[in-house]
Amino acid sequence: MKFLKLLLSLAVLAAAIYIGDTHGLIADKVPAMGRLFSPFTGFWQQAEPMIPLPGTIHIPSNIKGEVAIDERGIPHIFAEDNESAFFIHGYLHAKDRLFQMEITTRAASGRLAEVLGISMIERDILQRRKGITVAANRMAQHWLKDPGTAAVVTAYTAGVNAYLQTLNPKDYPVEFKILGFTPEPWTVDKSALLVESMAETLCFRNRDVPVSNSRAALGGVLFAHLFPAENPKDSPIIPADTPWDFEPIKVAADEVPADATLSWYLPELPQAPEGIGSNNWALAGRKTASGAPLLSNDPHLNLTLPSIWYEVHLHTPNMNVYGVSLPCVPGVVIGFNEQAAWGITNVGQDVLDWYRIHWTDATKTKYQLDGQAVAPEWVIDTVWVRGQEAPEIIRTPWTVFGPVVYQDSSSAYQDLAMQWIIHSPVGDEMHNNITSFLGLGLTKNVSDYQQALKGFDFPASNVVFADQGGNIALTVTGHYPLRQPQQGRFVQEGNEKLTAWQQYIPFSQIPRTVNPGRGYVSSANQRSTDLSYPYYYLGHFEDYRGRYINRVLDTMQQATPEMMMALQYDAHSLKAEEALPLMIAAAKEYGELSTISGQALSLLEKWDYRYTGNKAAPVLFDAWFDTLYQQTFDEIYALHKDNHPMEFPEEWRLIALMEQLPKDPIFDLQATERKEDFSVLAAESLEKAAAAWMPAIVAGLNWNAHRATNIPHLGRIPGFDSGLLHTDGAKSTPNALSTGNGPSWRMVVSLEKPIKAWGVLPGGASGNPGSPYYMNSVKAWAQGEYYDLHLYQTPEEVKALKYLVFGK
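Residues numbered from 1 in each chain as written. Predicted model: local features only at pLDDT ≥ 70, side-chain atom pairs only at ≥ 80, totals over all residues. Heavy atoms only, no water.

As for unusual backbone geometry
Working step 1: The omega torsion across Phe-458 and Pro-459 is -5°, close enough to zero to call that bond cis.
Working step 2: Relative to the helices and strands, Pro-459 resides in the loop between helix 13 (446-452) and strand 17 (461-467).
Working step 3: Cis rather than trans, the peptide bond between Lys-753 and Pro-754 has omega equal to 0°.
Working step 4: Counting through the fold element by element, Pro-754 comes out in the loop between strand 23 (746-750) and strand 24 (756-760).
Working step 5: Non-glycine residue Asp-370 carries a positive phi angle of around 50°.
Working step 6: Within the secondary structure layout, Asp-370 lies in the loop between strand 11 (367-369) and strand 12 (372-374). (Helix = DSSP H or I, 4+ residues; strand = E, 2+ residues; numbered from the N terminus.)

This is the structure in structure tokens:
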């Protein structure tokens with residue numbers, strides 16, 4: 001059946017390619033159909049039996065090791081030393097995820113047009129101008145300066161290439177055959193590109209232009225009213241009573257913001273995807289039934305097939321670690337060993353600033369800096385395009401702040417340069433991202449954990465920790481610039497060096513907590529600290545999940561792993577809990593409602609604020625809230641244009657205005673002569689939402705169908721997706737699920753002796769759509785189920801279906 005489904009999918013895909021209906025993701029030049037459908041070299045080679053055949057495969061190699069592949073397709077690697085383990089790790093990444101590795105690094109480096117054609121050229125050019133390849137090369141060179149890191153990344157690279165050398169064209173993953181291109185040899189730079197790609201996803205916060213536009217358009221007073229810097233209801237990651245026992249560094253420069261009356265007519269750069277975030281927490285033993293700490297983590301990222309993560313177990317004489325890794329990079333990123341466990345969420349702090357460059361003339365060969373005319377450095381990029389004989393040549397000027405990415409079409413003299421943390425000077429030669437991943441894998445206690453984080457510069461992450469000694473901890477780790485208040489919130493002038501970042505917060509002074517009095521640590525992308533933290537920072541922070549999770553953990557006693565799993569899958573929305581009663585009361589205050597509004601109100605009054613898949617009320621609430629939001633901030637929508645992006649107030653601010661200032665002038669509609677308030681908008685937006693959605697709800701529409709979560713193929717190839725998933729959750733709930741984003745790995749660890757752990761991926765081990773391991777865990781994930789995770793000591797302990805034996 002699986003083979004038949006693959007055949008039919010490919011037949012449909014072939015037809016789609018023929019008529020050009022490929023969603024812009026297939027190359028403009030159609031690949032050779034004969035090669036794709038050849039019975040000797042085509043997609044037939046990817047079909048695998050539904051029940052894998054047991055056996056042992058011997059792989060000639062200079063290293064020795066054995067891989068036991070269990071009934072879920074998860075590899076358990078046993079090697080004689082760490083370098084051998086990472087060689088095998090690279091080999092298996094390539095074996096199971098080669099197309100993912102290839103396309104991810106091409107996307108990061110701006111090389112998609114080489115294989116997908118002219119439709120990708122603008123994206124590729126933007127990637128080059130961001131300087132991601134420059135940053136990746138610097139990172140790779142930094143890795144190679146440390147002998148320990150160099151040994152690991154070199155072994156990993158050799159493992160990837162060892163697998164590539166076994167391939168003939170008939171063995172290429174099916175996506176290569178569909179698109180008609182050949183996988184390239186692996187390099188250390190490609191591994192670094194993956195890290196930069198994750199940074200682009202998690203810390204490419206660039207709201208400076210729309211925020212500057214909103215301040216200019218609305219004026220300082222109204223802007224400050226609608227855009228306060230902090231939510232007073234925040235429950236910060238680091239508890240509010242945490243002492244800061246250090247002397248903060250004074251910032252050397254004052255901010256010189258751009259003119260408050262200036263508006264920027266520029267296309268908005270892509271922002272971080274909606275739904276990117278994560279939850280993690282750890283409970284002290286005094287709050288658990290076993291008396292040992294419990295740790296949980298579920299990173300919320302793009303849902304794709306194959307999964308962004310690769311589940312793996314690595315065992316050597318000095319390492320026994322289980323968790324998830326990132327194809328392209330050696331080491332377990334989130335996981336546990338025999339003594340400790342750790343998990344990661346995104347910090348959300350802004351580590352990217354924009355500067356207005358003042359060119360000396362229209363040639364843009366020199367810019368003004370500290371009263372001098374200074375020539376930028378030029379980075380020349382060659383962008384090849386499939387089907388095009390000559391390449392595109394890109395010349396990007398680099399200033400003292402960074403590359404000039406934005407080009408202002410309204411002025412011959414003003415462009416925007418970007419200062420981004422990935423371009424900043426790296427730390428000392430002994431600490432880097434790789435040493436952090438490896439150090440976490442070897443950690444036994446809090447001291448080891450804190451030492452491991454010294455190289456974790458970006459993407460900035462909230463790293464939760466627990467050990468068998470009973471300790472719990474959380475560190476807001478990362479590389480953070482020192483800023484004056486408000487610096488980095490708006491576009492800044494780029495004619496003085498002092499406006500650039502001068503220093504960074506020392507590692508010893510970043511926010512952290514160990515064994516707090518409340519008996520737990522947690523993060524869900526909310527603010528890192530309260531206002532007592534002596535350094536200014538800004539960013540985009542979650543306002544509901546963190547507060548709800550902390551509320552649950554505050555009262556939790558005798559906690560069990562099952563309670564942790566239930567909280568990860570929890571579909572309760574604090575946003576709805578806080579907003580809906582205010583909206584209902586206001587609508588009723590307005591007066592008599594229409595029949596359809598009354599029906600909608602009756603449905604919502606019975607709702608328990610849970611985004612359960614089979615319920616209709618969440619559909620109606622979202623429609624009502626969104627309509628109310630658009631009517632309230634109609635002034636900003638009127639100003640928002642394609643090339644004049646505006647910032648919009650956060651949702652929590654609208655809820656606060658509903659509660660505290662229902663007569664605020666912001667509720668007045670600009671298009672009418674009358675004077676509206678919150679009650680008027682609540683009733684009118686309810687009427688609009690009810691008229692739009694109640695007929696479909698009466699006909700059977702529910703939240704699951706409306707949210708329409710479907711895990712697509714990484715390349716959006718039709719037929720290789722999961723289909724509609726039936727599950728609970730929404731962006732504002734702990735189970736933070738949207739159409740394309742959600743928990744990309746769920747893990748719960750009990751720090752008992754011996755350690756116990758459970759986890760589940762929304763996918764499988766294999767990237768081959770013809771494999772039974774392509775999405776064998778999706779159903780369990782959708783239903784909130786988990787698998788037991790084991791730290792085996794020998795290959796013989798594994799319930800293995802297949803063995804790979806490396807050696808001569």
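Quick word on helix 6 (residues 132-145)
Working step 1: Helix length check: helix 6 (14 residues) gives 20 Å between terminal C-alpha atoms against 20 Å at 1.5 Å per residue, within 8%.
Working step 2: Taken together, the buried positions of helix 6 are occupied by Ile-132, Ala-135, Ala-136, Met-139, Ala-140, His-142 and Trp-143. Along helix 6, the residues classed as buried sweep out an arc of 160° about the axis, all on the same side.
Working step 3: Next to the buried residues of helix 6 lie helix 3 (82-109), helix 5 (121-130), helix 7 (147-164), helix 9 (188-203), strand 16 (414-420) and helix 12 (433-442). (Expected span 1.5 Å × (residues − 1). Buried < 20%, exposed > 50% of the residue type's maximum accessible area, 1.4 Å probe, protein only. Arc of directions from axis to C-beta. Contact = heavy atoms within 4.5 Å.)

A look at the packing of helix 7 against helix 12
Helix-helix packing is described using two parameters, namely the angle between the two axes and the distance between the axes.
Working step 1: Axis separation between helix 7 and helix 12 bottoms out at 10 Å; the angle between their running directions is 85°. For the element pair helix 7 / helix 12, the angle class is roughly perpendicular. Touching Thr-149, Val-152 and Val-153 of helix 7 are Ile-434, Thr-435 and Leu-438, all from helix 12. (Axes fitted to C-alpha atoms, helices over the stretch in contact; angles between N-to-C directions. Parallel < 35°, antiparallel > 145°, perpendicular 65-115°, else oblique.)

Considering the side chain of His-423
Working step 1: Mapped onto the elements, His-423 comes out in the loop between strand 16 and helix 12.
Working step 2: At 3.3 Å, the side chain of His-423 forms a polar contact with the backbone oxygen of Gly-131.
Working step 3: Those residues in contact with His-423, other than ones at most four positions away along the chain, are Lys-130, Gly-131, Ala-135, Arg-138, Trp-398, Pro-403 and Met-418. (Polar contact = N/O pair within 3.5 Å; in protein donor to acceptor, adjacent residues only side chain to side chain.)

A few points about the packing of helix 16 (residues 574-590) against helix 18 (residues 617-632)
Working step 1: Relative orientation of the contacting elements helix 16 and helix 18 amounts to 70°, with a least axis distance of 11 Å. Our classification of the angle between helix 16 and helix 18 gives roughly perpendicular. Two secondary-structure elements touch here, helix 16 through Lys-575, Ala-576, Ala-579, Leu-580, Met-583, Ile-584 and Ala-587 and helix 18 through Phe-621, Trp-624, Phe-625 and Leu-628.
Working step 2: Taken together, the residues of the contact of helix 16 with helix 18 break down into 10 nonpolar, no polar and 1 charged. (Nonpolar A, V, L, I, M, F, W, Y, C, P; charged D, E, K, R; others polar.)

Some details on the packing of aromatic side chains
Working step 1: Within this structure, the stated rule accounts for 27 aromatic pairs.
Working step 2: Here the aromatic rings of Tyr-355 and Phe-401 are separated by 4.2 Å at their centres, their planes lie at 15°, and the arrangement is stacked. Here the residue Tyr-355 occupies a position in strand 10 (residues 352-358), and Phe-401 occupies one in the loop between strand 14 (392-398) and strand 15 (404-407), the gap between them amounting to 46 residues.
Working step 3: Taking the relative accessible area as the measure of exposure, Tyr-355 reaches 0% and is therefore buried.
Working step 4: With a centroid separation of 6.3 Å and an interplanar angle of 85°, the aromatic rings of Trp-501 and Tyr-504 are classed as edge-to-face. (Phe/Tyr/Trp six-rings, centres within 6.5 Å; stacked < 30°, edge-to-face > 60°.)

By themselves, these figures tell us nothing about what the structure is for.
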